[in-house]
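One letter stands for each residue in the lines below.
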Amino acid sequence: MVELITPPPGEISPAVPAAPVRALAALPPREEPLLLDLTAWLRSAPPWLLSAIVHMVAMIALGLLFYQAEQEDDLLLHAGYSEDTSVSLDENLDLSVSDLDVLSLDQQVVTMAELPRVDDPFSSPEATDFVPNPLLATGPVMPTTIGIALTGREPGMKDTLLKAYGGTGKTEGAVALGLRWLANRQLRNGAWSLTGPYDDGARSNNDAAATAMALLAFQGAGYTPQSDSNNPFTPVVRRGWNQLLRKMDKDGKFFDEVSSNQQLYTQAMCTIALCELFGMTSDYQYRDAAQKAIDYCVQIQAREGGWRYEPGVDSDMSVTGWFVMALQSARMAGLEVPSPTLDRVSGFLDEVARDGGSRYAYRTRDGATLTLTAEGLLCRMYLGWERDDPRLQTGVKYLLENLPEWDKQNVYYWYYATQVMHHVEDSPWRIWNAEMRKLLPEKQVRRGRERGSWDPGGDRWGGEGGRLYVTCLAIYTLEVYYRHLPLYQTGGASGGF
């Protein structure tokens, strides 16, 4: 808790006593007249002028008092992003787990004092015109020029995009607090776990997927192993990558120790993280590994054109969506993705499309769902649909009829739908963002041992993924302002749909 030490309202510093008149006689006589005799001027000034000066000084003093009060609230939120001033935000967390499992708290706990501060936590910044990256084409971005650079995560660009697309101090505060929770749940070996050490873990563990998800959250905010070594999150990310890269075999596969229905989810998430890492750092020590991971993804594509639970066997929209994100991350990083692979994905999307392509189903024999419609539309955008495609417009309107509500908690849906709206921009984005940026920070846990996370209890898939899964998806959603540059780059804040 940050406390501002200020004088009580109305209290002023004691005046310095004037020198006795007789002391002036001891001074040597001045050789030149005073340039300005304030005493004589005040004696000759009209009464109305003196009154105006007194009132002006009083107004300035009152203004400073109000300004000081606003600064106190601002700093208080900087320190902890909490409206509950009774909670100490820098206290050690009682994890109640063995030192064999987790780094000791003295080594690992990241306190709020160490986190980067954000400006204006109380209000949303006014929208500003976004100047597109000069390296990218404006208008619809087709596969050959897709090049969605990850430069939005860099400090200067990040601030610009936050203002342009309606991010706030509260959204950034929630991201920082969520990353703190993740940092304090990293295991001693550098990995993360889906089952703990925290409340409401998943039913089964998958440390490769958990580690990839945590690293994606840090990378979404701009942190890599090459970041500033003085930043408390840099060693966290470095340890995580040292561990995750050990999981990959010579063929680019990450899931040897994973149950069958999680194998390809794991492969896709790890590949996304690795391709992003290379794209963000341009460090060629990661390039070969990232290309191998992508090559393996291409190799195990099923005959239907998508992916499901096991390599080369069957396809569903849920798993396929994560692989499309992996292929897209590879293209962002300048890695090789064969065009026939993308064509086959489009063929599978045609098979699970409903209502003329505006909605999407899990598999070819199923009906459309809200979540998979968001996922399918995002895949279509990455595969070349233009912004004014009638199928996309119809799908977006359907999503806008289902804005985020906590009693219908589904972070998987929110994660994909938020990306769709961000790429579409303009009024659909403003409508969606107005709800999303308020809901997620409000529902973040603000006290106790799980402070900074999100409860999975009421979430559609919270029982399967657990607290880490729900928290990571919530963080990705709040990073949307700068995580990926918008596909169509319309300017973000103007126009309609």
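Here goes a summary of the coordinates provided. Owing to the predicted nature of the structure, the values given are computational and were not obtained by experimental measurement.

### A word on the overall build of the chain
Alright, step 1. A count of helices and strands for the chain gives 18 helices and three strands.
Alright, step 2. Each of the 497 residues in the chain was classed as buried or not, and the buried ones make up 51%.
Alright, step 3. Once local pairs closer than 6 in sequence are excluded, the contacts in the chain between residues at least 24 apart make up 72%.
Alright, step 4. Carbon and sulfur atoms make up 53% of the accessible area of the chain, which amounts to about 23,100 Å² in all.

### What to know about the sheet that holds strand β3 (residues 368-369)
Neighbouring strands of a sheet are bound in pairs by backbone hydrogen bonds; such pairs are parallel or else antiparallel.
Alright, step 1. Spatially, β1-β2-β3 is the arrangement adopted by the three strands of the open sheet, whose pairing is antiparallel. On the outer flanks of this sheet lie β1 (353-354) and β3, each paired with one strand and no other.
Alright, step 2. Strand direction decides the pairing type here: strand β2 (residues 359-361) and β3, joined by two bridges, are antiparallel. Bridge pairing in β3 places Y360 opposite T369.

### Some details on the nonpolar core
Alright, step 1. Grouped together as the largest cluster of nonpolar side chains are 117 residues, with contacts concentrated most on L179, L182, F218 and L468.
Alright, step 2. Every residue in contact with L468, bar those within four places of it in the chain, is listed here: W181, L182, W192, S193, L194, Y198, A210 and M213.

### Let's talk about empty space enclosed by the protein
Alright, step 1. In the structure shown here, the tally under the stated rule is one cavity of 30 Å³ or more.
Alright, step 2. Size it by volume and the largest cavity reaches roughly 60 Å³.
Alright, step 3. If you trace the largest cavity, you find it lined by Q419, H422, H423, Y476, V480, R483 and H484.
Alright, step 4. Per element, the largest residue contribution to the lining of the largest cavity is three residues, and it comes from helix α15 (residues 411-424).
Alright, step 5. Partitioning the lining of the largest cavity into residue classes produces two nonpolar, four polar and one charged.

### As for the layout of surface pockets
Alright, step 1. When its volume is computed, the second largest pocket comes out at roughly 760 Å³.
Alright, step 2. Of all elements in the fold, only α7 (207-220), α9 (263-281), α11 (317-332), α13 (370-382) and α17 (462-478) reach the threshold of two or more residues within the lining of the second largest pocket.
Alright, step 3. When its residues are assigned to classes, the lining of the second largest pocket shows 13 nonpolar, 10 polar and three charged.

### Considering the environment of G376
Alright, step 1. Along the chain, G376 turns up in helix α13.
Alright, step 2. Residue classification places G376 among the buried residues on the basis of a relative accessible area of 0%.
Alright, step 3. Separated by 58 residues in the primary sequence, G376 and S318 have C-alpha atoms spaced 8.7 Å apart.

### A few points about the side chain of D316
Alright, step 1. In this structure, D316 sits in the loop between α10 (287-299) and α11.
Alright, step 2. Reaching out from D316, the side chain makes a polar contact with the backbone nitrogen of V319 at a distance of 2.7 Å.
Alright, step 3. If we skip the residues at most four places from it in the chain, D316 touches W307, R308, Y309, F348, Y362 and R363.

### Here's the deal with the state of the cysteines
Alright, step 1. A complete count under the given rule lists zero disulfides for this structure.
Alright, step 2. Looking at C270, it has no disulfide partner, and the nearest cysteine sulfur is the one in C297, 9.8 Å off.
Alright, step 3. Summary of cysteine pairing: C297 is not part of a disulfide, and the nearest cysteine sulfur, belonging to C275, is at 7.6 Å.
Alright, step 4. Among the residues examined, C297 registers a relative accessible area of 0% and is labelled buried.

### Examining the pattern of salt bridges
Alright, step 1. Scanning the model with the defined rule gives 20 salt bridges in all.
Alright, step 2. Two residues, R203 and E464, come together in a salt bridge whose shortest N-O distance is 2.5 Å. In this pair, R203 is assigned in the loop between α6 (169-183) and α7 and E464 in helix α17, connecting sequence segments 261 residues apart. Neither residue differs from the other here; R203 and E464 are each classed as exposed.
Alright, step 3. A salt bridge links D207 to K247, with the shortest nitrogen-to-oxygen separation between them at 3.3 Å. Residue D207 is found in helix α7, and its partner K247 is found in helix α8 (residues 233-247); the two are separated by 40 residues along the sequence.
Alright, step 4. What you see here is one network of salt bridges that share partners, running through R185, D199, R449 and E450.

### Overview of helix α12 (residues 339-352)
Alright, step 1. Under the 1.5 Å per step criterion, the end-to-end length of α12 is 21 Å for 14 residues, consistent within 8% with the ideal 20 Å.
Alright, step 2. Turning to α12, its buried residues number three or more, namely T341, L342, V345, F348, L349 and V352. Looking straight down α12, one finds that the buried residues subtend no more than 115° of arc, so they occupy a single side. Exposed side chains of α12 directed beyond 90 degrees from the buried face belong to P340 and D343.
Alright, step 3. Buried residues belonging to α12 abut α10, α11, β1, β2 and α13.

### Section: the packing of aromatic side chains
Alright, step 1. In the structure shown here, the tally under the stated rule is 16 aromatic pairs.
Alright, step 2. Ring geometry for F278 against Y284: centres 5.4 Å apart, planes inclined by 90°, an arrangement best described as edge-to-face.
Alright, step 3. On the basis of relative accessibility, which here comes to 5%, the residue F278 falls in the buried class.
Alright, step 4. Y284 sits in the exposed class, given a relative accessible area of 60%.
Alright, step 5. Here W322 and Y416 contribute two aromatic rings whose centre-to-centre distance is 5.8 Å and whose plane-to-plane angle is 70°, an arrangement assigned as edge-to-face. Taken together, the positions of W322 in helix α11 and Y416 in helix α15 put the pair 94 residues apart, joining distant regions of the chain. Across the pair, exposure class does not vary: W322 and Y416 are buried alike.
Alright, step 6. Through successive ring pairs, a cluster of aromatic residues spans W322, Y412, Y415, Y416 and Y476.

The rules behind these values
- Residues numbered from 1 in each chain as written.
- Predicted model: local features only at pLDDT ≥ 70, side-chain atom pairs only at ≥ 80, totals over all residues.
- Heavy atoms only, no water.
- Helix = DSSP H or I, 4+ residues; strand = E, 2+ residues; numbered from the N terminus.
- Buried < 20%, exposed > 50% of the residue type's maximum accessible area, 1.4 Å probe, protein only.
- Contact = heavy atoms within 4.5 Å.
- Areas by Shrake-Rupley, 256 points an atom, 1.4 Å probe, with all protein chains shown as cover.
- Pairing = 2+ DSSP bridges.
- Core = buried A, V, L, I, M, F, W, Y, C linked by side-chain atoms within 4.5 Å.
- 1 Å grid on protein atoms, 1.4 Å probe; cavity = no way out; pocket = protein on both sides within 12 Å on 5 of 7 lines; lining within 4 Å.
- Points joined across faces, edges and corners; volume = space filled by probe spheres on them.
- Nonpolar A, V, L, I, M, F, W, Y, C, P; charged D, E, K, R; others polar.
- Polar contact = N/O pair within 3.5 Å; in protein donor to acceptor, adjacent residues only side chain to side chain.
- Disulfide = S-S within 2.5 Å.
- Salt bridge = Lys/Arg side-chain N within 4 Å of Asp/Glu carboxyl O.
- Expected span 1.5 Å × (residues − 1).
- Arc of directions from axis to C-beta.
- Phe/Tyr/Trp six-rings, centres within 6.5 Å; stacked < 30°, edge-to-face > 60°.

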